Amino acid sequence: MKVIGLYKAQLKRIGPRSELTGIYKYPTTSVIVNKLGIEGDIQVDKRFHGGPERALHQYALSSYEKIIKHYPLLYRKANVGSMGENISINTMNETNVCIGDTYQIGTVTIQVSGPRMPCFKISEKFSTPGLDKFVAKHGIHGWYYRVLKEGSFAIDDDVLLVSRVNPSVSIATFLKVVQSKTTAEDIIKNAMNAEGLDPEWKEKLEKKHQ
């Protein structure tokens, strides 16, 4: 696997209330990464984006294909980097990425902490009502990383899977637990107790399934 895209935020306003957002990103060829993500990147709403548990965001290339298939008029807009991600890596998606996966890229070590939850800004950016709900329904959310080791990496760098501690808890599996009301208790506990899971997600699952 290789890094095929890197992106930093360009601060803009969005929506009827002209809210600031970091979903608009521009490409770059190399990045310096600290515990809070890419230096020079911007996350506006820290309730949902940014912080040490959501330092980097990745979106799957295959998810763009699903969006364009359903919304063909978005073929010019829904291109790599347009979902507000920081990283694009070929072949990775919600079915083959697991909670707690640790990857080495350049001199940086990162760990999958949980899925990204889509918000209204996706629909606003693409001028497509309901796009955020489509993303949620089809489980094409993308996911976040925490940074275990700071450093730098660049386009075309190799991506090495260092460890997989929760092989049965892919992002896709975890999202099914989040969205379902009838999931078996053992599956819920397995997801809730996944090593490396963002503590905020564990708290949400505990409240939901009390």
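Residues numbered from 1 in each chain as written. Predicted model: local features only at pLDDT ≥ 70, side-chain atom pairs only at ≥ 80, totals over all residues. Heavy atoms only, no water.

Caption draft 1: The arrangement of the overall build of the protein in detail. Broken down by element type, the protein carries six helices and 13 strands. At 16 Å, the protein has a C-alpha radius of gyration in line with the 17 Å of a compact globule built from 210 residues. With the C-alpha coordinates of the protein rotated into their principal frame, the extents come out at 40 × 40 × 30 Å. Taking all 210 residues of the protein together, 51% fall into the buried category. Considering only contacts in the protein between residues 6 or more positions apart, those separated by 24 or more positions represent 72%. Here the protein has roughly 10400 Å² of accessible surface; of this, 54% comes from carbon and sulfur atoms. (Helix = DSSP H or I, 4+ residues; strand = E, 2+ residues; numbered from the N terminus. Rg over C-alpha atoms; globule rule 2.2 N^0.38 Å. Buried < 20%, exposed > 50% of the residue type's maximum accessible area, 1.4 Å probe, protein only. Contact = heavy atoms within 4.5 Å. Areas by Shrake-Rupley, 256 points an atom, 1.4 Å probe, with all protein chains shown as cover.)

Caption draft 2: A look at the packing of aromatic side chains. Under the definition given, this model contains four aromatic pairs. Arranged with centres 5.2 Å apart and planes meeting at 70°, the rings of Y59 and Y64 form a pair that is edge-to-face. With relative accessibility at 0%, the residue Y59 sits in the buried group. Judged by relative accessible area, Y64 falls into the buried class, the value being 4%. (Phe/Tyr/Trp six-rings, centres within 6.5 Å; stacked < 30°, edge-to-face > 60°.)

Caption draft 3: Broad picture of the nonpolar core. In this structure, Y145, F153 and F174 are the most contacted members of the largest nonpolar core, which totals 36 residues. F153 has contacts with V3, L6, S30, V31, V33, I87, I105, G106 and V108, leaving out every residue within four places of it along the chain. Ranked by size, the runner-up nonpolar core spans 16 residues in total, among them Y24, A78, M83 and V135. (Core = buried A, V, L, I, M, F, W, Y, C linked by side-chain atoms within 4.5 Å.)

Caption draft 4: How the structure looks around the pairing of strand β1 (residues 3–9). The buried fraction of β1 amounts to six of the seven residues, a majority that puts the element mostly inside the structure. Pairing analysis gives three bridges linking β1 to strand β8 (residues 87–89), with the strands arranged antiparallel. Bridge pairing links V3 to I89 in β8. (Pairing = 2+ DSSP bridges.)

Caption draft 5: Looking closely at the pairing of strand β10 (residues 108–115). Burial within β10 is extensive, with eight of its eight residues counted as buried. In textbook terms, the turn of a hairpin is the stretch between consecutive antiparallel strands, and for strand β9 (residues 102–105) and β10 this stretch comprises two residues, one of which, G106, has a positive phi near 60°. Here β10 runs beside strand β11 (residues 143–149); their pairing, made up of six bridges, is antiparallel. Among the inter-strand pairings, V112 is bridged to a residue of β11, identified as Y145.

Caption draft 6: The packing of helix α4 (residues 171–179) against helix α6 (residues 199–208), seen in detail. Contact pair α4 / α6: the axes reach a minimum separation of 10 Å and the direction vectors enclose 40°. By the angle between their directions, the pair α4 and α6 is classed as oblique. Between α4 and α6, the contacting residues are F174, V177, V178 and Q179 on the first element and W201, L205 and K208 on the second. Of the residues belonging to the contact of α4 with α6, the class tally is five nonpolar, one polar and one charged. (Axes fitted to C-alpha atoms, helices over the stretch in contact; angles between N-to-C directions. Parallel < 35°, antiparallel > 145°, perpendicular 65-115°, else oblique. Nonpolar A, V, L, I, M, F, W, Y, C, P; charged D, E, K, R; others polar.)

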